[in-house]
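Understanding the architecture of this molecule
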Amino acid sequence: MCDTCGCNITPGNREFAYRLAADGTRAVTVLQRLLAENDKTAAHNRAHFDRRGVLAVNLMSSPGAGKTRLLEATIDALRGEAAIAVVEGDLETDNDAARIRAKGAPAVQITTGSACHLDAAMVHDALHQIGLDGIDLLFIENVGNLVCPASFDLGQHRNVVLLSVTEGDDKPAKYPVMFRVADSVLLTKTDLLPLLDDFDPARTEAYLRDLASAAPLLPLSAKQGGGLDGWLAWLRRELAAQRARWRHGETTHPAAASGDTRQRALDAGRPASSPS
Amino acid sequence: MHELSLCQALLDQVDSVARQHGAVAVHRISLSIGPLSGVEPDLLAHAYALAKAGTVAENAELELARSPVTVQCADCGAETDVAPNRLRCGVCGANRVALVRGDELLLTRVEMTAGTSREGANHV
């Protein structure tokens, strides 16, 4: 997609493209994504991952849904099988990065100050502080927020959204932008389900399907260990798929990425140093 | 509140368009925003009022066009406008649909007063 030949004019925006300006002014049709600059950096990040065969997963949820606890359990479960590194996003403190390091995995903390989301440039800066050699799986733990992080491509291959059972089963209907972009939805803290008689996982799944989403809904309790197998199996499949893409010099993007992101992922083409 | 950082990106793009066309002032900026872009048009308008100060778009009006969410059904082929949290075919109810529009966040148009015109900038 370019900004010059008109190929970016779609049924959705055609009406804006052709309209005369008032006398004495010049009107220019632009049709450029507002986040074009962010997307460029995200594509750069994705190429960086692809050159090394690293699978990048963006973890998103509300604050306190259990992202860091999930990562701790995942690092333990995949020890000796997959090398994991983590980029942690929070408004303040490096508590979460410290928890990850305590598990023996490299972690970089991004403190965003007042920013409610990570963007591709923040992740790019963090990547300069973390060596990806020998790493199989990079988790980007986004700022806890079910709204803003959904709009920013970071260069990840997959989006994982966590929903803890204490939050209510209708969250996919209330936050469609976030849940629509999920490649996998994890229902966390299921050990608390017996105490919450008004949370119905079937209702969560129905709302998720209403978003035209085929993402699996995987219930688990990272604290008690229950249900981790489904999540680990999903991760292993994704790791294997990323290794296969690496061999063929291919890349991928989250399933519900915007049209522009899809195009950029395709444009990225064959990574420069794919293995023979 | 990511609308402020979006405004920054918007103003950077407008500035670059204005420079490209040798414009001395920008009068109107048009955006197309879909409900599934995750951006709240009203918040964006508020943030824009703050962010435009001191830029080439200081006196420019922001025109926000809200697009509907339109899906095309893979089963029956119908194209229907739907609610952002119910992406099912409006005709047959299937959820095997492709999004036609509704997630865009586009700078569609910039109106400006040109200064000394340059070759190749003749998009009027």
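Residues numbered from 1 in each chain as written. Chains lettered and ligands numbered in written order. Predicted model: local features only at pLDDT ≥ 70, side-chain atom pairs only at ≥ 80, totals over all residues. Heavy atoms only, no water.

Looking now at helix 9 (residues 228–248) of chain A. Residues and elements named next belong to chain A. In this model, helix 9 (21 residues) spans 30 Å end to end at C-alpha, consistent with the 30 Å of a helix rising 1.5 Å per residue. Among the residues of helix 9, Leu228, Trp231, Leu232, Trp234, Leu235, Glu238, Leu239, Gln242 and Arg245 are the ones counted as buried. When helix 9 is viewed along its axis, its buried side chains cluster within an angular range of 155° and face the same direction. Set apart from the buried face of helix 9 by more than 90 degrees, the exposed residues are Asp229, Arg237 and Arg247. Immediately beyond the C-terminal end of helix 9, within one or two residues, lies Gly249, with a positive phi of roughly 65°. (Helix = DSSP H or I, 4+ residues; strand = E, 2+ residues; numbered from the N terminus. Expected span 1.5 Å × (residues − 1). Buried < 20%, exposed > 50% of the residue type's maximum accessible area, 1.4 Å probe, protein only. Arc of directions from axis to C-beta.)

Let's shift gears to the confidence of the model for chain B. Per-residue confidence for chain B averages 89 on the pLDDT scale, and 91% of its residues sit at or above 70. The ipTM for the predicted assembly is 0.85, set against a pTM of 0.87. (pLDDT = per-residue confidence, 0-100.)

This brings us to the interface of chain A and chain B. With 37 residues of chain A at the interface, the matching set in chain B holds 44 residues. In this assembly, chain A packs against chain B so that about 3,600 Å² is buried in total across both faces, 55% of it on carbon and sulfur atoms. At the junction of chain A and chain B, the tally comes to 3 salt bridges. We note a salt bridge from Arg88(B) to Asp210(A), for which the minimum N-O separation is 2.5 Å. Taken together, the connections running from chain A to chain B amount to 14 residue pairs in polar contact (both at pLDDT 80 or more). Put simply, the parts of the chain that give the side of chain A that touches chain B at least two residues each are helix 1 (14–17), strand 1 (26–33) and helix 7 (176–180) of chain A. Considering each element in turn, the side of chain A that touches chain B owes the most residues, 8 residues, to strand 1 of chain A. (Contact = heavy atoms within 4.5 Å. Buried area = accessible area lost by both parts, 1.4 Å probe. Salt bridge = Lys/Arg side-chain N within 4 Å of Asp/Glu carboxyl O. Polar contact = N/O pair within 3.5 Å; in protein donor to acceptor, adjacent residues only side chain to side chain.)

All right, on to the pairing of strand 5 (residues 137–141) of chain A then. Residue and element names in this part refer to chain A. With respect to burial, strand 5 is a largely interior element, 5 of its 5 residues being buried. Neither face of strand 5 is open: one carries Leu137, Phe139 and Glu141, the other Leu138 and Ile140, and all of them are buried. Pairing between strand 2 (residues 55–60) and strand 5: 5 bridges, direction parallel. Across the sheet, the residue bridging to Val57 is Phe139, located in strand 5. Summarising the sheet, strand 3 (residues 84–90) and strand 5 pair through 5 bridges and their orientation is parallel. (Pairing = 2+ DSSP bridges.)

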